[in-house]
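Structure at a glance
Here is what each chain is made of, one letter per residue.
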Amino acid sequence: MSSTHTHPQPPRGQEPGGAQVELAIGGMTCASCAARIEKKLNRMDGVEATVNYATEKAKVTYRSDDVGVRDLIATVEATGYTAEEPPPPQRTSDGAGTTEEPDDLRPLRQRLITAVVLAVPVIAMAMVPALQFEYWQWLSLTLAAPVVTYAAWPFHRAAWTNARHGAATMDTLISVGTSAAFLWSLWALFFGTAGTPGMTHPFELTIARTDGAGNIYLEAAAGVTAFILAGRYFEARSKRKAGAALRTLLELGAKEVTVLRDGAEQLIPTAELQAGDRFLVRPGEKIATDGRVVEGSSAVDASMLTGESVPVEVTVGDTVTGATLNAGGRLVVQATRVGADTQLARMARLVEDAQNGKAAAQRLADRISAVFVPVVIALALGTLGFWLGSGSGLTAAFTAAVAVLIIACPCALGLATPTALMVGTGRGAQLGILIKGPEVLESTRRVDTVVLDKTGTVTTGRMTLLTTHTTDSTTVGEVLCLAGALEHSSEHPVAQAVATGAAEHLGTALPAPEDFANVPGLGVQGVVDGHAVLVGREQLLHEWEIHLPPHLERAKSEAEAAGRTAIAVAWDGEARAILEVADALKETSPEAVRRLRALGLTPILLTGDNRAVAESVAAEAGIDEVIAEVLPQDKVDVVKRLQSEGRSVAMVGDGVNDAAALAQADLGLAMGTGTDAAIEAGDLTLVRGDLRVAADAIRLARRTLGTIRSNLFWAFAYNVAALPLAAAGLLNPMIAGAAMAFSSVFVVGNSLRLRSFRA
């Protein structure tokens, strides 16, 4: 794929090497469908395409002189799927979220409800002889017919598409198995003896050759359809969330902005803002778009975009980024970039690119089906030919052949993934771990490197008062009482950290200052309890001809070398203390790092903060490898670089600046205490914001994947073991039903063992 990023609204954009278009693909039922479309598109001259099953999009770069968008769409349609240019992703702030779900999920939900409501009585009548009244078989047919035709239609359609391309997937197996069971039941009811009043399925497990004319398999056809539709519905629902990360990102910015026009303030929607406009940002408001400060000074909290824990001081001439928070004074900003050119929009594009480039893990059942289906069909045809050739008669030959198809029908296979996933995700939710879908589990098995964002993940993400250094003649209590009282009146995040730390240390309310003044960019000054107090940078003290004694000077240098913010405190003309403020390490982080190492993962600390801060935090947490001073948009490149080295990368993060990297990583773990954009872009969400849960999440996901694999093995094993009996014509309906029921019970029981998982 070309690495050039295109404009996100119109999906098509010109590039030096040609044009790029994004197509919405319809009709895909599994990852092999995506692979087939990709292969067909890449065979076209001058076309490079990646198709993502999870987001249902194809990203195509093509030479516009040779190929047009209509040609690309025609190729996709010739492959048996639909394609169209999607509408712009940005509509109303919440419209995007509300229009998507009913359009895509309603037909599937309707089919699922129909299948469940009608299949339950069919299964009950077939399995419980006491419910088999005089004409029960005809009621079964009436209830099962809509399930096998209407509800199972997506499987039949997909099987037909696959057959036209000489491929077989799970859909082929479901379609062939349910159709065979239904059509055989129709034949037995209308032309055999199964339709006679009073017919029952006796509960006897005998192996004997029958002609099959008295046997119906409607419960197998209806039950399999209902089970597999349930699995598909829950998978589709989790898949729908893939696009939500983008909407969440685009909604982060300010919705309205106060512009200054002809000397008057005017409130307008942010979308109407133009480059060159001057707008007002009051304390506590979000900055509407990227721009340059033309009036005022303040501290800007950019942690959600840049990951830097310390607020950035800005004044006239400095640049500011849209969607960051004005934490201090009043600013007037001149807009320099608006709409799709802002840093936020570029990050949204990075998330989208990362999601498009990350193919969902191909479902294991599909890979097995690709081999299993042709073998079963060949075996059924071979059985039919053998019995006809041996002169056993048409009915006996067809009974044996259809029995092969029916026993191969994947009842337990339909349960293998959904039940393990349901129990695994349920247990995860109890432990504060939310798993997005089955394709996530494949990734957990392979990851060998875990990239940890610093701010809010390894650290608390908020400024904390760590240490107080005082002169010999001063107590810590005095310093915190006077400095805390003065800082309490300031809105600056560093000042708030000092005030909070002082109040917690003293255990009492802080006194109110008699006089207070904010000195922009330097600190605060005022009068507390009759003392003239200064709190801030060393320059503030110099303006009053006050100098730090040597041991406080040394403490300040050491604090700054470790990447901490050093605050000088003086009163009554004398320097009294140095306060160290920093983003503190979470208490649980060192233990979490040890647990991640125990799972065979190599931890790497990744941050936008300066190297001194990063090295200090890494040493405390027990992390050897540090990548610091990384811009938000470069986090994705770091993950890509690690992947290009052959590593399988898990990323743990919590901020908007991590969203694209979480989407790019092989496994994204989002802290639930973080931003919505990060949570939506991640594969696993850790509700508690405790890094130790990341290790539990990987363990649980690996255990769930192991359970799915053992379920699939046993589901196939039962089918394969019974195939020779079916081919020999020795399978009566009760043995077929019992084998199916037992394999299903085994699969459910095996899945329920996940409930015993301990954190």
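Everything quoted here is computed from the prediction, not taken from an experiment.

Turning our eyes to something else, we now look at the sheet that holds strand 19 (residues 523-528). In space, the 6 strands of this open sheet follow the order 17-22-21-20-19-18, with antiparallel pairing throughout. Because the sheet does not close on itself, it has two edges, and the strands there are strand 17 (459-470) and strand 18 (515-519). This sheet shows a mean twist of 20 degrees between the axes of neighbouring strands, independent of strand direction. As defined by bridge partners, strand 18 adjoins strand 19 across 5 bridges and the pair is classed as antiparallel. Paired with Asn-518 across the bridge in strand 19 is Val-524. Set on the sheet, helix 17 (residues 493-506) makes contact with strand 17, strand 21 (565-571) and strand 22 (574-585); between it and strand 17 the angle comes to about 65 degrees.

Next up on the list: the packing of aromatic side chains. Aromatic ring pairs are reported here in terms of the distance separating the ring centres and the angle at which the planes meet. Taken as a whole and judged by the stated rule, the model has 5 aromatic pairs. Summarising the aromatic geometry, the rings of Phe-713 and Trp-714 are spaced 5.2 Å apart at their centres and angled 80 degrees between planes, so their arrangement reads as edge-to-face. When its relative accessible area of 36% is taken as the criterion, Trp-714 is described as partly exposed.

Below, the discussion takes up the UniProt feature "transmembrane region" (unreviewed entry) in the chain. Within this numbering scheme, the UniProt entry marks residues 112-129, 135-153, 173-196, 216-234, 368-388, 394-417, 712-728 and 734-752 as carrying the feature "transmembrane region" (unreviewed entry). Helix makes up 89% of residues 135-153 and strand makes up 0%, while its end C-alpha atoms are separated by 28 Å.

Moving on, we come to the pairing of strand 7 (residues 264-269). Of the strand pairs in this sheet, strand 6 (residues 256-261) and strand 7 are connected by 6 bridges, and their pairing is antiparallel. Across the sheet, residue Arg-261 finds its bridge partner in strand 7, namely Ala-264. Connecting strand 6 to the next strand, strand 7, in antiparallel fashion are 2 residues, including Asp-262 with a positive phi near 55 degrees.

Another point: the packing of helix 5 (residues 153-164) against helix 6 (residues 170-190). At a minimum axis distance of 8 Å, the contact between helix 5 and helix 6 shows a crossing angle of 120 degrees. For the element pair helix 5 and helix 6, the recorded crossing hand is left-handed. Here Phe-155, His-156, Ala-158, Ala-159 and Asn-162 of helix 5 lie close against helix 6, whose contacting residues are Asp-171, Thr-172, Ile-174, Ser-175, Thr-178 and Ser-179. A per-class count over the contact of helix 5 with helix 6 returns 4 nonpolar, 6 polar and 1 charged.

Summarising the sheet, strand 9 (residues 290-295) and strand 14 (residues 331-337) pair through 5 bridges and their orientation is antiparallel. Bridging across to strand 14, Asp-290 finds its partner in Arg-337. For strand 9 and strand 12 (residues 319-320), the ladder comprises 2 bridges, and the chain directions are antiparallel. Bridge assignment links Arg-292 to a residue of strand 12, and that residue is Thr-319.

Here is what the cut-offs are and how they apply
- Residues numbered from 1 in each chain as written.
- Predicted model: local features only at pLDDT ≥ 70, side-chain atom pairs only at ≥ 80, totals over all residues.
- Heavy atoms only, no water.
- Pairing = 2+ DSSP bridges.
- Helix = DSSP H or I, 4+ residues; strand = E, 2+ residues; numbered from the N terminus.
- Axes fitted to C-alpha atoms, helices over the stretch in contact; angles between N-to-C directions.
- Contact = heavy atoms within 4.5 Å.
- Phe/Tyr/Trp six-rings, centres within 6.5 Å; stacked < 30°, edge-to-face > 60°.
- Buried < 20%, exposed > 50% of the residue type's maximum accessible area, 1.4 Å probe, protein only.
- UniProt positions renumbered as here; feature names shortened; annotations may be inferred.
- Left-handed = near helix turned anticlockwise from the far one by under 90°.
- Nonpolar A, V, L, I, M, F, W, Y, C, P; charged D, E, K, R; others polar.

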